[in-house]
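One-letter residues, chain by chain:
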Amino acid sequence: MGPAHQAARSGDACAVTPFRPAARQEGGDAARLLATLRDHIARLEQGHAQFERQKSRAAPWLTGLADLDRHLPAQGLQRAGLHDVSPRAYGDQPAAMGFALALALRRLADAQERRPLLWCRLAAHEREHGRLYGHGLERLGLPRHRFVTITLKKPASLLWTMEEALKSGAVAAVLGDAEAAHADLTTTRRLSLAAAAGKCAAILTFARPDGAATASHTRWTAAAVPSLSPAHDMAAPGAPCWSVELTRARGGRPGAWILEWHHAQSRFSLVPGFSRRALHPVADQDGPQAADQGPALRTG
């Protein structure tokens, strides 16, 4: 009987010697695994910190017009929330759509924002007010490669499409036609939550004036007004011009303005000669002379 067998029979400690290298190897694997996990957690924490820094650097969503922005909350329009625009009267939905697009373009102008815009249309609204026109949208400042449009027949299908697009986070903003009968408080609350989940904005444009409650952060009304003709051609139409009223703003206050949209700079400006409170520049004056001053706008 050899020495090895004798050591095994006598319970000598040398009998377990062959297993010690394996124990050291397992210990080394565990140490390497822990080091890998620590490195992975550190990278995750670093990425999260970088994301939070980028998030904090995101420019506030403002109109760029100080007179209007003073009426908005301190952080501007809610970047990940719901907003809606209603026509002032029947037939003003195209004006409401134009103003809603201008707000969305202010969001797309953010250098940190690379996602496109989704525009959901109802077939009934297209039949009544016309389809989107690519060249016209480009003239308003929306490049064709920055938006996708879809037309649906049922309002419920449109709202579902908006909600899913918002939750995906693949778009910067979603514009959509709305019917008051379908976009109630519960439905708009779902859209608001979906916008928050996807970190994108939603803007509903109603077909008719409606004062029913919604979950929107801001509510606007818009109407078309004649534009100012350019100085070089008094017979030519000018920049798009709207009479806009902010009727509700969480953390803000209501107001009314007559606005022009300048697509080259993606910014608003006040129409010269008009007050914030009235369409007519002398409507606040007393006496019958105020009504005899004539229109202050040139039709374009």
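Let's talk about the sheet that holds strand β6 (residues 218-224)
What links the strands of a sheet is backbone hydrogen bonding, and the strands pair in either a parallel or an antiparallel sense. Pairing within the open sheet is mixed, and its nine strands lie in the order β3-β2-β4-β5-β1-β6-β7-β8-β9. Sheet topology places β3 (147-152) and β9 (267-270) at the edges, where each strand pairs with a single neighbour. Strand after strand, the sheet turns through a mean of 25° between neighbouring axes, direction not considered. Pairing between strand β2 (residues 117-122) and β3: six bridges, direction parallel. Residue Leu-118 lies in a different strand from β3, and its bridge partner there is Val-148. Packed on one face of the sheet, helix α4 (residues 93-108) meets β1 (82-87), β2, β4 (173-178), β5 (201-206), β6, β7 (241-249), β8 (255-262) and β9 and runs near 170° to β5.

Some thoughts on the nonpolar core
Formed by 38 residues in total, the largest nonpolar core has its most connected members in Phe-99, Trp-220 and Phe-268. Every element with two or more residues in this core is listed here: α4, β2, α6 (134-140), β4, β5, β6, β7 and β8. Discounting residues that sit within four places of it in the chain, Phe-268 has contacts with Thr-63, Leu-65, Phe-99, Ala-102, Leu-103, Arg-106, Trp-242, Leu-259, Glu-260, Trp-261 and His-262. With 21 residues, the next largest nonpolar core counts Leu-118, Cys-120, Leu-122 and Val-171 among its residues.

A few points about empty space enclosed by the protein
Enumeration over the complete set of coordinates arrives at one cavity of 30 Å³ or more. Its boundaries defined by the atoms lining it, the largest cavity holds a volume of some 30 Å³. The wall of the largest cavity is formed by Leu-122, Pro-155, Leu-158, Leu-159, Asp-177, Ala-178, Glu-179, His-182 and Ala-183. Elements with a minimum of two residues in the lining of the largest cavity: α7 (155-168) and β4. Here the residues of the lining of the largest cavity sort into six nonpolar, one polar and two charged.

A few points about the side chain of His-83
For His-83, the location among the structural elements is in strand β1. The class of His-83 is buried, set by a relative accessible area of 1%. There is a polar contact of 3.0 Å between the side chain of His-83 and the backbone oxygen of Gln-78. Within polar-contact distance, the side chain of His-83 engages the side chain of Thr-218 at 2.6 Å.

With respect to the confidence of the model for the protein chain
Scored by pLDDT, the protein chain comes out at a mean of 81, with 78% of its residues at no less than 70. Predicted confidence for residues 10-17 stays below pLDDT 50, and this span has two contacts to residues more than four positions away or in other chains.

Here's the deal with helix α8 (residues 185-198)
End to end, α8 covers 20 Å across 14 residues, agreeing with the expected 20 Å (1.5 Å per residue, within 8%). All of the buried residues in α8 are Thr-187, Thr-188, Leu-191, Ser-192, Ala-194, Ala-195 and Gly-198. An end-on view of α8 places all buried positions within 165° of arc, on one side of the element. Looking at α8, the residues exposed on the side facing more than 90 degrees away from the buried face are Thr-186 and Ala-197. The inward-facing, buried residues of α8 contact β1, α7 and β5. Of the residues trailing α8, Lys-199 is marked for its positive phi of about 55°.

With respect to the pattern of salt bridges
Under the criterion given, the structure shown has ten salt bridges. With a closest N to O distance of 3.1 Å, Asp-67 and Arg-70 form a salt bridge. Overall, the relative accessible area of 54% leaves Arg-70 in the exposed class. Within the structure, one salt-bridge network assembled from shared partners comprises Glu-163, Glu-164, Lys-167 and Arg-190.

A closer look at a nonpolar patch on the surface
Taken together, Leu-33, Leu-34 and Leu-37 make up a surface patch of nonpolar side chains, about 280 Å² in accessible area. Note on placement: Leu-37 falls in helix α2 (residues 20-57).

Overview of the packing of aromatic side chains
The final tally for this structure, using the stated rule, is five aromatic pairs. When the ring of Trp-242 is compared with that of Phe-268, the centres are 6.4 Å apart and the planes differ by 65°; the resulting orientation is edge-to-face. With Trp-242 in strand β7 and Phe-268 in strand β9, this residue pair connects regions lying 26 residues apart in the sequence. One exposure class covers both Trp-242 and Phe-268, and it is buried. One aromatic cluster is present, formed by Phe-99, Trp-220, Trp-242, Trp-261 and Phe-268 through successive ring pairs.

Each value, and the rule that gives it
Residues numbered from 1 in each chain as written. Predicted model: local features only at pLDDT ≥ 70, side-chain atom pairs only at ≥ 80, totals over all residues. Heavy atoms only, no water. Pairing = 2+ DSSP bridges. Helix = DSSP H or I, 4+ residues; strand = E, 2+ residues; numbered from the N terminus. Axes fitted to C-alpha atoms, helices over the stretch in contact; angles between N-to-C directions. Contact = heavy atoms within 4.5 Å. Core = buried A, V, L, I, M, F, W, Y, C linked by side-chain atoms within 4.5 Å. Buried < 20%, exposed > 50% of the residue type's maximum accessible area, 1.4 Å probe, protein only. 1 Å grid on protein atoms, 1.4 Å probe; cavity = no way out; pocket = protein on both sides within 12 Å on 5 of 7 lines; lining within 4 Å. Points joined across faces, edges and corners; volume = space filled by probe spheres on them. Nonpolar A, V, L, I, M, F, W, Y, C, P; charged D, E, K, R; others polar. Polar contact = N/O pair within 3.5 Å; in protein donor to acceptor, adjacent residues only side chain to side chain. pLDDT = per-residue confidence, 0-100. Expected span 1.5 Å × (residues − 1). Arc of directions from axis to C-beta. Salt bridge = Lys/Arg side-chain N within 4 Å of Asp/Glu carboxyl O. Patch = residues over 30% accessible without salt bridge, like charges linked within 9 Å, V, L, I, M, F, W, Y side chains within 5 Å. Areas by Shrake-Rupley, 256 points an atom, 1.4 Å probe, with all protein chains shown as cover. Phe/Tyr/Trp six-rings, centres within 6.5 Å; stacked < 30°, edge-to-face > 60°.

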